[in-house]
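# Inside the fold
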Amino acid sequence: MIFVLNPGELKLADFRHLLDETTTLELHANAQEAIHASAQFIHHVIEKGQTVYGVNTGFGGLAHTKINTAELALLQQNLVLSHAAGTGELFSDHVVRLILALKINSLARGFSGVRLQLIEALIQLFNARVYPCIPSQGSVGASGDLAPLAHLSTILLGVGHARYQGKMIPAEEALHIARLKPLPLAPKEGLALLNGTQVSTALAIIGLLAMENLFVTALATGALTVDAARGSDQPFDERIQRVRGHAGQIEVARRLRELLQNSAIRQSHRDCLKIQDPYSLRCQPQVMGACLTQLWSNSEIIVTESNAVSDNPLVFTEQNEVISGGNFHAEPIALAADALAVSLAEIGALSERRIALLIDPHFSGLPAFLVPHPGVNSGFMLAHVTAASLASENKSLAHPASVDNLPTSANQEDHVSMATYAARRLSWMVENVTGILAIELLAACQGIDLLRPLRSSPRLESIHQLVRDHVAFYDKDRYFAPDIEKIKAVIQAGKIRDEIS
């Protein structure tokens, strides 16, 4: 498909299209006027001999150093090369693809003083699926994502490496594939490329999209566990949620009621003597509802930042001014990513507790460790240990990155956001929660099978069948790890989400 970019108007649904490699990006023609005016204004500033940070001065701690006009192009080139100082594993191609899209979106709004030619070069890289090699470590989230964005930009100079069709190639070959030649940078263009929050924002978006999938999966998995443990649906009564008033809690309870509707298992024990279920079953609307509220609120912050102009200084042509500020400071993304991390940890923690409940016959009423002939068979004993390990890892990973600070650039940049790490660690937590939910799905389906001939609700039975299409019932011990990986793949593909949507 062709995605026509109206700069500054991206929506959450657009990110999935941009991540799709069959999507081709075009810039809306209406954007060109503002881009041209902004670049022309920088040209006039230089002609008049005005001193503007980053245009004809040094950077960071060298901001007070005036640069001669004859060295302005060299200034921008040196900025890119010297700041390409990252390290660590390379970002994946789909992360780089989204970084490119966000950088194009920001520059094309016409407040950055760059030429249309530069933006079009980035679009050609995007459309050719040529992805600059960007090390994942080296940004503190202010002044923007300097090191990773410098690595993004070296390709335009014919320096560094890129990935194409899964292979690493030198910059010259990458430019040839994208039908480009090395591009000398005009005044301010290097700074506009490097300043910005596009790396941390791209990582946060990818974490957010994955978390949306996990959230829906966790609701389905939690509902399955309620039935497998012969729990009650009374705590999901709408009246309970309404008197508290939180929209997220109300929505989660509604979804749980729908998932459990017409369950024969539930009908079979309505008159049992059990009074209350453990919190991991009973309090799902309260816990998952709070997580949903975090998803809603922080997705707004992340989408706003995806459309932001976050370099420095900014060009306001209508007022004939170039103003230095701090939009490169990624604190909004750092705080949003930290909030999402805490919510991810809670989703995983709740799931791990439900697994523990299922394998304990005192709570579930099922055979110990969910297997016939326990003792000879260990069943889900060590699968739960794995879930506990992953949940524990997430406790450490959920520690807020935004409270950290190390001043840089000779104390000129004396407070930084750590947003890039805050967002980067979301992918590790997503992987952990996926593993926990996969184990719970296997355990809940095993519990449902152990209650046969009773059947769960039609919607939950469809999920049970989806799992059984990939993994058989455990009638005895067998090699367990491959089954976890199979269900992780089912979750990651969004199949649980799609089954109940």
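Everything here concerns the structure above.
One structure accompanies this document, and this report is about it. (Residues numbered from 1 in each chain as written. Predicted model: local features only at pLDDT ≥ 70, side-chain atom pairs only at ≥ 80, totals over all residues. Heavy atoms only, no water.)

### Things to note about the overall build of the protein chain
Applicable threshold: Secondary structure elements follow DSSP: runs of H or I of four or more residues count as helices, runs of E of two or more count as strands, with numbering from the N terminus. Exposure categories follow from relative accessible area, calculated using a 1.4 Å probe and restricted to protein chains: below 20% of the type maximum is buried, above 50% is exposed, and the middle band is partly exposed. Two residues qualify as a contact provided that any one of their heavy atoms is within 4.5 Å of a heavy atom in the partner residue. Here, Shrake-Rupley sampling with a 1.4 Å probe gives the accessible areas, and only protein chains in the shown set may cover a residue. Here Asp and Glu are counted as negative and Lys and Arg as positive; His is not counted, and neither are the chain ends. Taken as the charge location is NZ of Lys, CZ of Arg, CG of Asp or CD of Glu.
Counting its secondary structure elements, the protein chain contains 21 helices and nine strands. Taken along the three principal axes of its C-alpha coordinates, the protein chain extends 85 × 50 × 45 Å. Across the 501 residues of the protein chain, 55% fall into the buried class. Considering only intrachain contacts with a sequence separation of at least 6, the fraction spanning at least 24 residues in the protein chain is 78%. Summed over all atoms, the accessible surface of the protein chain reaches about 21,200 Å², with 54% contributed by carbon and sulfur. Here the protein chain holds 40 positive side-chain charges and 49 negative ones, and the gap between their average locations is 6 Å.

### What to know about unusual backbone geometry
Residue Ser143 is reached from Ala142 by a cis peptide bond, and omega for that bond is 5°. Going from Asn312 to Pro313, the amide bond is cis rather than trans, its omega being -5°. Inspection of the secondary structure puts Pro313 in the loop between helix 14 (284-306) and strand 8 (314-316). Phi at Arg230 takes a positive value of approximately 50°, unusual for a residue other than glycine. With respect to the helices, strands and loops of the structure, Arg230 is situated in the loop between helix 9 (198-228) and helix 10 (238-244). Unlike most non-glycine residues, His373 shows phi in positive territory, near 55°. Within the fold, His373 resides in the loop between helix 16 (361-364) and helix 17 (381-397).

### Focus on the environment of Ala220
As for its placement among the helices and strands, Ala220 is situated in helix 9. Sequence spacing of Ala220 and Ile500 is 280 residues, and the spatial spacing of their C-alpha atoms is 7.8 Å.

### A short note on the nonpolar core
What counts here: Joining through side-chain atoms within 4.5 Å is the link that ties buried Ala, Val, Leu, Ile, Met, Phe, Trp, Tyr and Cys residues into a set, and such a set is a nonpolar core.
Phe15, Leu27, Ile99, Ile119, Phe215, Phe380 and Leu442 are the most contacted members of the largest nonpolar core, which totals 161 residues. Element by element, the count of residues in this core is highest for helix 9, at 19 residues. Not counting the four nearest positions on each side in its chain, Phe215 is found in contact with Val252, Arg255, Met288, Cys291, Leu292, Leu295 and Ile347.

### Observations regarding a nonpolar patch on the surface
Stated precisely, the cut-off is as follows: The patches described consist of residues with a relative accessible area above 30% and no salt bridge, like charges being joined within 9 Å and nonpolar side chains (Val, Leu, Ile, Met, Phe, Trp, Tyr) within 5 Å. By definition, a salt bridge exists where a carboxyl oxygen of Asp or Glu is found within 4 Å of a side-chain nitrogen of Lys or Arg.
On the surface, a nonpolar cluster with roughly 250 Å² of combined accessible area is contributed by Met381, Leu382 and Val385. Mapped onto the secondary structure, Met381 falls in helix 17. Looking at Met381, the relative accessible area reads 32%, which means it is partly exposed.

### Some details on helix 1 (residues 12-19)
Here is the rule we go by: What the arc measures is the spread of directions leading from the helix axis to the C-beta atoms.
Buried within helix 1 are the following residues: Asp14, Phe15, Leu18 and Leu19. In an axial view of helix 1, the angular spread of the buried residues amounts to 135°, which keeps them on one side of the axis. On its buried face, helix 1 is in contact with strand 1 (2-5), strand 2 (24-27), helix 4 (93-107), helix 5 (116-127), helix 9 and helix 14.

### A closer look at the packing of aromatic side chains
Defined as follows: Whether two aromatic rings pair depends on their centres lying within 6.5 Å, for rings of Phe, Tyr and Trp, where Trp uses its six-membered ring; planes under 30 degrees apart make the pair stacked, over 60 edge-to-face, and the rest tilted. Note on geometry: a ring has a charge over it if NZ (lysine) or CZ (arginine) is within 6 Å of the ring centre and within 35 degrees of the ring normal.
Going through the model one piece at a time under the given rule, you end up with six aromatic pairs. Consider the rings of Tyr53 and Phe59, whose centres lie 6.3 Å apart with planes at 85°: the pair is edge-to-face. Since its relative accessible area comes to 14%, Phe59 is described here as buried. With a centroid separation of 5.7 Å and an interplanar angle of 55°, the aromatic rings of Phe111 and Phe316 are classed as tilted. Here Phe111, found in the loop between helix 4 and helix 5, pairs with Phe316, found in strand 8; they are 205 residues apart in sequence, far enough to count as distant. Members of the aromatic cluster, connected to one another through ring pairs, are Phe380, Tyr474 and Phe480. The residue whose ring lies beneath Arg478 is Tyr474, and the NZ or CZ to ring-centre distance is 3.9 Å.

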